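# Coordinate analysis (summary)
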Amino acid sequence: MRYLIAGNWKMNGSTASARDLAAAIAAQHAGAKADVVLCPPAPLLAAVGATLAGSTIRLGAQDCHFNEKGAHTGDISAWLLLDLGCTHVIVGHSERRADHGETDGQVKAKATAAMKAGLIPIVCVGETEAQREKGETAAVIARQVRGSLPDGASPETVVIAYEPVWAIGTGKTATTADIAAVHGQIQQLCGPKPPRILYGGSVKGSNAAAILATPGVSGALVGGASLDAADFWRIVEACPPVSA
Ligand code: PEP
């Protein structure tokens, strides 16, 4: 399977700047070495989707509700995201787990709803710095993977992102040995046909090649560097070739 590079724009940009960034990224889509998904803030999905039309770059959202519709003020269903042209949705990002108290059960319900709607959920897991220092990384990852993945997850229907919380937006990255260990653990937890597992945490053009060549890594979830079209493309270009 091809590598996947997903850009998480978080709560950044305006309609005008998002259109400019999406256009600058889409301009280089021909012959991309990986599948590429851009995840702008929800109010900018339509504008970014229109800008990406005609390119191979896919549209993703940063969260969804687990119900199809109803009295959930301010929330967005996976079905609405599909209607807006999304193909992917990030669920269980550590910032949502921290800021909104999202539990593994809620993340699983969101991922399940995304799958039912026909979207590919990018399910995020990762330990905090305190958990790593206490030697709890493997236990936290096992609990999050078992608790957050939808039933019947397959490489075609789900993507996992391993994002050590202490590496997000900090400039710190895990060592390739640490990344390989956790990705290997997640693969084992998922059985013989594990989904693609992205690494996330301060990935940028200058460190992407080493991270993407690490065993068990099949792409990256990129925050800060996805706001710079040139650096984002350096990451895409760093993807190793994949045999069919
Ligand atoms: C993220 O938010 O998913 C992320 C990995 O951010 P950054 O690349 O900025 O660390």
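This text gives an overview of the structure that appears in the document. Predicted model, so just to flag it, every value in this text is computed and none were measured.

## A short note on the nonpolar core
The biggest cluster of nonpolar side chains holds 61 residues, and the ones touching the most others in it are Ile5, Ile25, Leu38, Ile186, Tyr199 and Leu212. Counting residues in each nonpolar core, the second largest holds eleven residues, with Leu4, Cys39, Cys124 and Leu198 among its members.

## So, the site of the ligand
Taken together, 14 residues lie near the ligand, and Lys10, Glu163, Gly169, Ser202 and Gly223 sit nearest. In the model, an oxygen atom of the ligand is placed 2.9 Å from a nitrogen or oxygen of the His93 side chain. Contact between the ligand and Gly224: an oxygen atom at 2.8 Å from a main-chain N or O atom of the residue. Here the ligand has 290 Å² of accessible area as a free molecule, and 96% of this is covered by the chains. Residues that form the shell around the ligand fall into these classes: four nonpolar, eight polar and two charged.

## Things to note about the side chain of Glu127
Checked against the element boundaries, Glu127 lands in the loop between β5 (120-125) and α6 (129-133). Within polar-contact distance, the side chain of Glu127 engages the side chain of Arg132 at 2.7 Å. If near-sequence neighbours (up to four positions away) are discounted, Glu127 is found in contact with Arg132, Thr137, Val140, Ile141, Tyr162, Glu163, Pro164, Val165 and Trp166.

## A short note on the pattern of salt bridges
Under the criterion given, the structure shown has 15 salt bridges. Residue Arg97 is joined to Asp104 by a salt bridge in which the shortest nitrogen-to-oxygen separation is 2.6 Å. Where Asp231 meets Arg234, a salt bridge forms, and the shortest distance between an N and an O atom there is 3.1 Å. Of the two residues, Asp231 and Arg234 are both situated in helix α10 (residues 229-237); the distance of three residues between them amounts to about one turn of the helix. Residue Arg234 is classed as partly exposed on the basis of its relative accessible area of 47%. Taken together, the salt bridges that share partners define one network made up of Asp63, Arg96, Glu102 and Lys110.

## Thoughts on the pairing of strand β1 (residues 4-8)
With five of five residues buried, β1 is to be regarded as a mostly interior element. Residues of β1 alternate between two faces, with Leu4, Ala6 and Asn8 on one and Ile5 and Gly7 on the opposite face, all of them buried. With five bridges joining them, β1 and strand β2 (residues 35-39) adopt parallel strand pairing. In the sheet register, Ala6 faces β2, and the bridge partner there is Val37. The handedness of the β1 to β2 crossover, carried by helix α1 (residues 15-26), is right-handed.

## Description of the environment of Ile90
One can find Ile90 in strand β4 (residues 88-91). As a C-alpha pair, Ile90 and Trp233 span 143 residues in sequence and 20 Å in three-dimensional space. Apart from the residues lying within four places of it in its own chain, the contact partners of Ile90 are Asn8, Cys39, Ala61, Gln62, Asp63, Ile122, Cys124 and Leu221.

What counts as what
- Residues numbered from 1 in each chain as written.
- Predicted model: local features only at pLDDT ≥ 70, side-chain atom pairs only at ≥ 80, totals over all residues.
- Heavy atoms only, no water.
- Core = buried A, V, L, I, M, F, W, Y, C linked by side-chain atoms within 4.5 Å.
- Buried < 20%, exposed > 50% of the residue type's maximum accessible area, 1.4 Å probe, protein only.
- Near = heavy atom within 4 Å.
- Polar contact = N/O pair within 3.5 Å; in protein donor to acceptor, adjacent residues only side chain to side chain.
- Areas by Shrake-Rupley, 256 points an atom, 1.4 Å probe, with all protein chains shown as cover.
- Nonpolar A, V, L, I, M, F, W, Y, C, P; charged D, E, K, R; others polar.
- Helix = DSSP H or I, 4+ residues; strand = E, 2+ residues; numbered from the N terminus.
- Contact = heavy atoms within 4.5 Å.
- Salt bridge = Lys/Arg side-chain N within 4 Å of Asp/Glu carboxyl O.
- Pairing = 2+ DSSP bridges.
- Right-handed = clockwise from strand over helix to strand, strands pointing away.

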